[in-house]
Amino acid sequence: MKNMEKELLCPVCQEMYKQPLVLPCTHNVCQACAREVLGQQGYIGHGGDPSSEPTSPASTPSTRSPRLSRRTLPKPDRLDRLLKSGFGTYPGRKRGALHPQVIMFPCPACQGDVELGERGLAGLFRNLTLERVVERYRQSVSVGGAILCQLCKPPPLEATKGCTECRATFCNECFKLFHPWGTQKAQHEPTLPTLSFRPKGLMCPDHKEEVTHYCKTCQRLVCQLCRVRRTHSGHKITPVLSAYQALKDKLTKSLTYILGNQDTVQTQICELEETVRHTEVSGQQAKEEVSQLVRGLGAVLEEKRASLLQAIEECQQERLARLSAQIQEHRSLLDGSGLVGYAQEVLKETDQPCFVQAAKQLHNRIARATEALQTFRPAASSSFRHCQLDVGREMKLLTELNFLRVPEAPVIDTQRTFAYDQIFLCWRLPPHSPPAWHYTVEFRRTDVPAQPGPTRWQRREEVRGTSALLENPDTGSVYVLRVRGCNKAGYGEYSEDVHLHTPPAPVLHFFLDGRWGASRERLAISKDQRAVRSVPGLPLLLAADRLLTGCHLSVDVVLGDVAVTQGRSYWACAVDPASYLVKVGVGLESKLQESFQGAPDVISPRYDPDSGHDSGAEDATVEASPPFAFLTIGMGKILLGSGASAGAGLTGRDGPAASCTVPLPPRLGICLDYERGRVSFLDAVSFRGLLECPLDCSGPVCPAFCFIGGGAVQLQEPVGTKPERKVTIGGFAKLD
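Predicted model only: the values in this text are computed from it and were never measured. (Residues numbered from 1 in each chain as written. Predicted model: local features only at pLDDT ≥ 70, side-chain atom pairs only at ≥ 80, totals over all residues. Heavy atoms only, no water.)

Colleague: Can you break down the sheet that holds strand S2 (residues 28-30) residue by residue, with the values?
Modeller: Read from one edge to the other, the open sheet built from three strands follows the order S2-S1-S5, with strand pairing classed as antiparallel. Strand pairing shows two members of the sheet lacking a second neighbour, S2 and strand S5 (125-126), which therefore form its edges. By the bridge criterion, three bridges tie strand S1 (residues 20-22) to S2 in an arrangement that is antiparallel. When the bridges of S2 are listed, Val 22 appears paired with Asn 28. Along the sheet, helix H1 (residues 31-41) makes contact with S1 and S2, crossing S2 at roughly 85°. (Pairing = 2+ DSSP bridges. Helix = DSSP H or I, 4+ residues; strand = E, 2+ residues; numbered from the N terminus. Contact = heavy atoms within 4.5 Å. Axes fitted to C-alpha atoms, helices over the stretch in contact; angles between N-to-C directions.)

Colleague: Break down helix H8 (residues 338-346) for me, citing the residues and quoting the values.
Modeller: Buried within H8 are the following residues: Leu 339, Gly 341, Ala 343 and Val 346. Buried residues belonging to H8 abut helix H9 (352-374). (Buried < 20%, exposed > 50% of the residue type's maximum accessible area, 1.4 Å probe, protein only.)

Colleague: Outline the packing of aromatic side chains, supporting the account with residue identities and numerical values.
Modeller: Taken as a whole and assessed by the stated rule, the structure comprises eight aromatic pairs. Judged by centre distance (5.7 Å) and plane angle (75°), the rings of Phe 170 and Phe 175 are edge-to-face. Looking at Phe 175, the relative accessible area reads 10%, which means it is buried. The structure contains a cluster of three or more aromatic residues connected by ring pairs, namely Phe 170, Phe 175 and Phe 178. (Phe/Tyr/Trp six-rings, centres within 6.5 Å; stacked < 30°, edge-to-face > 60°.)

Colleague: How would you sum up the side chain of Asp 421? Please name residues and give values.
Modeller: Note that Asp 421 resides in the loop between strand S13 (418-419) and strand S14 (423-428). Buried and unpaired, Asp 421 has no salt bridge, with Arg 530 as the nearest side chain of opposite charge at 8.5 Å. A distance of 2.8 Å separates the side chain of Asp 421 from the backbone nitrogen of Val 719, its partner in a polar contact. (Lys, Arg positive; Asp, Glu negative; His and termini not counted. Salt bridge = Lys/Arg side-chain N within 4 Å of Asp/Glu carboxyl O. Polar contact = N/O pair within 3.5 Å; in protein donor to acceptor, adjacent residues only side chain to side chain.)

Colleague: Can you explain H9? Please cite residues and give values.
Modeller: At Ala 359, H9 is deflected by roughly 35°, the largest bend along its length. Those residues of H9 hidden inside the fold are in contact with H8. (Bend = angle between axes of the 7 residues up to and from the residue.)

Colleague: Let's hear about the sheet that holds strand S9 (residues 213-215): which residues, and what values?
Modeller: One open sheet accounts for three strands, arranged S10-S9-S11; its pairing is antiparallel. Two strands in the sheet have a free side with no partner beyond their single neighbour: strand S10 (220-222) and strand S11 (237-239). Taking the axes of each pair of neighbouring strands and ignoring which way they run, one obtains an average angle of 35° across the sheet. With respect to the sheet, helix H6 (residues 240-260) is in contact with S9, S10 and S11, its orientation differing from that of S11 by roughly 85°.

Colleague: Provide a residue-level description of the nonpolar core, including the pertinent values.
Modeller: Here is a general trend for soluble globular proteins: nonpolar side chains tend to be buried in one another's company. In terms of nonpolar packing, the biggest core is built from 51 residues, with Tyr 570, Ile 638, Leu 668, Val 679 and Phe 705 touching the most fellow members. Take this core: its biggest share by element is five residues, from strand S25 (residues 568-575). Here this core spans two domains, since at least three of its residues come from each of domain 3 (411-502) and domain 4 (512-544 + 552-597 + 626-642 + 659-715). For Val 679, the contacting residues outside a window of four places in its chain are Val 586, Ala 629, Ile 670, Cys 671, Leu 672, Leu 691, Glu 692, Cys 693 and Leu 695. Formed by 24 residues, the second largest nonpolar core is a distinct cluster that contains Tyr 17, Tyr 43, Ile 103 and Phe 105. (Core = buried A, V, L, I, M, F, W, Y, C linked by side-chain atoms within 4.5 Å. Domains from an automatic or database assignment.)

Colleague: Before we move on, could you go through the packing of H8 against H9 and cite the residues and values that matter?
Modeller: The interhelical angle for the contact between H8 and H9, taken along N-to-C directions, is 150°, at an axis separation of 11 Å. In terms of axis orientation, H8 runs roughly antiparallel to H9. You can see that H8 and H9 cross each other, and the crossing is left-handed. On H9, the residues touching Leu 339, Tyr 342, Ala 343 and Val 346 of H8 are Phe 355, Leu 362, Arg 365, Ile 366 and Ala 369. Residues that form the contact of H8 with H9 fall into these classes: eight nonpolar, no polar and one charged. (Parallel < 35°, antiparallel > 145°, perpendicular 65-115°, else oblique. Left-handed = near helix turned anticlockwise from the far one by under 90°. Nonpolar A, V, L, I, M, F, W, Y, C, P; charged D, E, K, R; others polar.)

Colleague: Tell me about the environment of Glu 675, and please be specific about residues and values.
Modeller: Take Glu 675: it is sitting in the loop between strand S33 (668-673) and strand S34 (678-683). Here Glu 675 falls in the exposed class, since its relative accessible area comes to 55%. Put simply, Glu 675 and Thr 565 are 110 residues apart on the chain and 9.0 Å apart in space, counted from C-alpha to C-alpha. In this structure, Glu 675 is in contact with Gln 566 and Gly 567, ignoring residues within four places of it in sequence.

Colleague: Account for the environment of Leu 8, with residues named and values stated.
Modeller: Take Leu 8: it is sitting in the segment before S1. Not counting chain neighbours up to four residues away, the residues in contact with Leu 8 comprise Glu 15, Met 16, Tyr 17, Leu 130, Val 133, Val 134 and Tyr 137.

Colleague: Pulling in residues and values, what's your account of the pairing of strand S23 (residues 531-534)?
Modeller: Look at any regular strand and the pattern is simple: side chains alternate between the two faces of the sheet. Alignment of strand S22 (residues 523-525) against S23, held across three bridges, turns out to be antiparallel. Along S23, the bridge assignment pairs Ala 524 with Arg 533. Following S22, the chain reverses through five residues before pairing antiparallel with S23; Gln 529 in that reversal takes a positive phi of roughly 60°. Here four bridges tie S23 to strand S37 (residues 711-715), and the two strands are oriented antiparallel to one another. Residue Ala 531 lies in a different strand from S37, and its bridge partner there is Gln 714.

Colleague: Any chance you could break down the pattern of salt bridges for me, citing the residues and the numbers?
Modeller: Here the structure, examined in full by the defined rule, presents 10 salt bridges. For Glu 274, the salt bridge is made with Arg 277, and the minimal N-O distance between the two is 2.3 Å. Separated by three residues within a single helix, Glu 274 and Arg 277 lie in helix H7 (residues 262-331), roughly one turn from each other. One salt bridge in this structure joins Asp 474 and Arg 445, with 2.9 Å as the shortest N-O distance. Within this pair, whereas Asp 474 is found in the loop between strand S17 (467-470) and strand S18 (478-487), its partner Arg 445 is found in strand S15 (residues 438-445), the two being separated by 29 residues in sequence. We classify Asp 474 as partly exposed; its relative accessible area is 35%. Each member of the salt-bridge network shares a partner with another, and the members are Arg 568, Asp 673, Arg 676, Arg 678 and Glu 692.

Don't take any of this as a statement about function, it's just geometry.
So this is what it looks like as structure tokens:
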């Protein structure tokens, strides 16, 4: 018990607990400290004693012995504070208020406000177990020395007995004085002297009865009266014995685990101590690096300062030289000196030829001096405005100079991330995240048996950009992916995990072939042969205008240029939700070419739109597998027959629906199992099954798309050859 003193200290007074109270946040605080904290918060009159214990002789004036000294009066400042606070009121509450204010207690341990209710401290339980632990700890380490009698005059004698009923410690003389023979107090059982007197058991703060049950919903001990109150109606309430045994078993199990792993604890302590040493060394290195960089910046600034001052000095000397020369020229123009004096002497010459010879050159100099005198201007400016520095940007950079932070967790773009023949993963950094030099992509399968040890991830290191391709994923699997960025400061946090379903079979690559059953007047196939658009013809417009007039509606068919002869294959496409009627599926190549070479009459009795197996109602008497399997889509809905409805769990009032419709998903998936002769239609986003039907696979089978009226279909492009562009056909954009 010698090392547990830290657990026994009150967070307010930093001393051992004295009559600790259990706050609703499960932290403990001394009762006196709690009263003082509430007083500082302005709550007066709500610090009632939750133990409701009998009054001790030491606090009852009528039972004082003549040997007792007078009770110490409260301090004047505390009395003044009580008078100003209004005794039984607290801020915001008026007497008789219908909605009294709830008392909030600032817990010093969790640094948050805890709601105490209207009764304040009077509604809290006293932690008797913690008091017993504190008392045993004091006795084991002999904290506090001898216990003195509480009833003696100063100096008090050492206490020899204690009384739980009186809640006081006595010397022999005082015990006899307060427990005279022939009175009821003589029946009190003496105990060993102690500093803390506890009641015999926990009492309900509301009803002053012994607690007998524990409310799991409120996580609070309750008495019999609390149990039948409306406050705990419908709550899970168990006897105290059950709660005691359950908590004791949990605590014993956890403590046994900790005690049984002391080597692990010691190893972790050593690891933490080593981490502390590395932290000290790394911190010192970081300080030196920062100091070196700042000194480098200072050296660069000092060098730049010297060069700028040198440039200013050279400019200043040049200007001073020019101004000095100009001053000398002007001084020569003074009377009797320089050029003027020389000209005055030349004018005294009387020999005309000699005068002309000397005055000619002199006249040019005098003319230039006269012109300079008339248009006077200093030879150099005294201003150095061109030498001003604009350091606003540099000052901002220096002000914002800070440590480089690691990139924040990337955000995976779920709209652009998908799995097809490969997995295409796209992400971005949050707006205010530091930049990342490169990324690490991690992925793993979730549908494989777990192996002992930590979860193993496959990694792709140093990914440039904000997208990545994961090649050759396993079919029919679920992958979980995550990304994190890296820069000079290190690796950042991982993004949230994203789960992707891979196709149930290898992806079939093909293009659209309009040579069979395709009318160029009504069908437009894109240049890349991955999108087709159907334009309603004149017969359909006439049928809409004259409903009672017979007309011929043609079915336009587009086939894939690849036929399947073995194995399992999967492909996906997107159907325009505004399409009038589109059939997506597969069929025997020979039967498709034979049936749709001409333009059938959909109103003629010889034409059966469900000649193969369709998602609508079928003839149950046909036993042979049909040569076709189509899924009917129209106006943003998918038509499912009775078999598909029952398989998908779609039922009506009287059992499985005869036919029903489901919303059209963004992409449709078709999975062909050639050996089994089965075709499955899926939601290509969630891979939820829509329909499964048989198919005659006695020959090559190819994808087929049928149009009645306007519509558009876009094949899903392979991820590996996915261009960064969009191909739009008549307003219907393919899936990017």
